[in-house]
Amino acid sequence: MAIISECQKEERPPFTSTFNGTLDHSNPLEFLRSVFLFVSRETDFFKREATEKEEERKKKAKERDLEDKGKAEKRLKETKVEPEKKAEKAEKAKEKVEDAKAEKEERKFDLEKYSWMQTLQEVTVTVPVPPGTKSRFIVCDIKKNHLKVGLKGHPPIIDGELSKPIKPDDCFWSLEDQKSVSILLTKHNQMEWWKSLVKGDPEIDTQKVEPENSKLSDLDPETRQTVEKMMFDQRQKTMGLPTSDEMQKQEILKKFMSEHPEMDFSKAKIS
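This is a predicted model, so every value here is computed, not measured.

About the cut-offs
- Residues numbered from 1 in each chain as written.
- Predicted model: local features only at pLDDT ≥ 70, side-chain atom pairs only at ≥ 80, totals over all residues.
- Heavy atoms only, no water.
- Phe/Tyr/Trp six-rings, centres within 6.5 Å; stacked < 30°, edge-to-face > 60°.
- Buried < 20%, exposed > 50% of the residue type's maximum accessible area, 1.4 Å probe, protein only.
- Pairing = 2+ DSSP bridges.
- Helix = DSSP H or I, 4+ residues; strand = E, 2+ residues; numbered from the N terminus.
- Axes fitted to C-alpha atoms, helices over the stretch in contact; angles between N-to-C directions.
- Core = buried A, V, L, I, M, F, W, Y, C linked by side-chain atoms within 4.5 Å.
- Contact = heavy atoms within 4.5 Å.
- Expected span 1.5 Å × (residues − 1).
- Polar contact = N/O pair within 3.5 Å; in protein donor to acceptor, adjacent residues only side chain to side chain.

Participant: What should I look at first to understand the packing of aromatic side chains in this one?
Facilitator: Two aromatic rings are characterised by how far apart their centres lie and by the angle between their planes. Throughout the structure, instances matching the rule amount to 1 aromatic pair. The interplanar angle of 45° and the centroid separation of 4.9 Å between the aromatic rings of Phe109 and Trp116 together place this pair among those described as tilted. Take Trp116: its relative accessible area is 2%, and that puts it in the buried class.

Now the structure itself:
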């Protein structure tokens, strides 16, 4: 007895069309055109390929849309965050400027006839003059160890021996807004603070003076190390603590003592 399955696959009707064509060697393109027309008319070969390409195109278009959407959302978030970042940066910049002004004011020393301030490399002097003063009436004589500033026909405003030597060729002066003379003095020794502009004037406590961070970062590594050591030693002296050199000597002595326990160091002193 033959058993017929209920789930038989539906079979396609046999392909009965016949291609009739003759290859003409003198015109092979015409033969190929006939073949393609026959395949296109009698089968779904080209339609299936076109459908697959269309589906692939739609898939890529969808992926691009999702990618564009993601980028748009990211830009939107960045647009919202950007003003906050700008405001934060502006606030920090403002604080930095205010701190710099305050720090600058701390290094400015006002005297009766002039004011001055210094960095490790330079000294800036500001001398007030009557408003409307012309530069031809200014007397400014800058020498290695002496400074003279004033107006022609009048007693000098500054006339004395400088606290430390300077480099005259690297110094200059200018008239600011016809109401003050600004003088830039380049220190000869750019590794020390001045206690006063000219000898005999009130002195400042150089242990309280520290270089600007921006200036410190501009120094070469060797000079910066020396300056930082000097600042450390100044702070240690202020607090009554040993300087870096004294600490180094103490370490050497401790090491020597540990290596020679048989010796008596009770009366040893560090000088």
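Read on, since the account is not over.
Participant: In this structure, what is going on with the sheet that holds strand β5 (residues 146-151)? I would like to understand it.
Facilitator: In any sheet, the strands associate via hydrogen bonds between backbone groups, in a parallel or an antiparallel arrangement. Taking strand neighbours across the sheet as the criterion, the 3 strands line up as β4-β5-β6 in an open arrangement whose pairing is antiparallel. Two strands lie at the open edges of the sheet, namely β4 (138-142) and β6 (158-161), each paired on one side alone. Recorded for the sheet is a direction-independent mean angle of 5° between the axes of neighbouring strands. When β4 meets β5, the two strands line up antiparallel, connected through 5 bridges.

Participant: Explain the nonpolar core to me, please; I cannot follow it from the model alone.
Facilitator: Most often, soluble globular proteins have nonpolar side chains that are buried together. Core analysis: the largest hydrophobic core is formed by 24 residues, its most contacted members being Trp116, Val125, Ile158, Ile183, Leu185 and Leu197. Once residues lying within four places of it in the same chain are set aside, the contact partners of Leu185 are Gln121, Glu122, Val123, Val125, Ile142, Leu147, Leu162, Ile166, Cys171 and Leu197. Of all hydrophobic cores here, the second largest spans 5 residues; its members include Leu120, Trp193, Val227 and Met231.

Participant: Would you mind going over the side chain of Ser115 with me for this structure?
Facilitator: Along the chain, the position of Ser115 falls in strand β2 (residues 115-118). Among all residues touching Ser115, those that are not within four sequence positions of it are Lys108, Phe109, Asp110, Thr124, Val125 and Thr126.

Participant: Would you explain helix α4 (residues 221-238) in this entry?
Facilitator: Think of an α-helix as turning once every 3.6 residues; residues three or four places apart then point the same way. Compared with an ideal rise of 1.5 Å per residue, which puts 18 residues at 26 Å, α4 spans 26 Å between its outermost C-alpha atoms and is within 8% of the ideal. Within α4 the residues assigned to the buried category are Val227, Met230, Met231, Asp233, Gln234 and Gln236. A positive phi of about 70° marks Gly240, the residue just after α4.

Participant: Honestly, the environment of Val227 in this entry has me stumped. Any pointers?
Facilitator: With respect to the helices, strands and loops of the structure, Val227 is situated in helix α4. Sequence spacing of Val227 and Met191 is 36 residues, and the spatial spacing of their C-alpha atoms is 7.1 Å.

Participant: How should I be thinking about the side chain of Gln118 in this particular structure?
Facilitator: Looking at the secondary structure, you find Gln118 in strand β2. Accessibility expressed as a relative area gives 1% for Gln118, which makes it buried. Within the structure, Gln118 has its side chain in polar contact with the side chain of Lys187 (distance 2.7 Å). Of note is the side chain of Gln118, whose polar atom sits 2.9 Å from the backbone nitrogen of Trp194.

Participant: Mind showing me how you'd approach the pairing of β2 here?
Facilitator: The side chains of a regular strand alternate between both faces of the sheet. Every second residue of β2 is oriented toward a common face, with Ser115 and Met117 on one face and Trp116 and Gln118 on the other, all of them buried. As judged from the 3 bridges shared by strand β1 (residues 108-110) and β2, these two strands associate in the antiparallel manner. Residue Lys108 lies in a different strand from β2, and its bridge partner there is Met117. If you look at the hairpin formed by β1 and β2, you'll find 4 residues sitting between the two strands. With 4 bridges joining them, β2 and strand β3 (residues 122-128) adopt antiparallel strand pairing. Opposite Trp116, over in β3, you have Val125 as the bridge partner.

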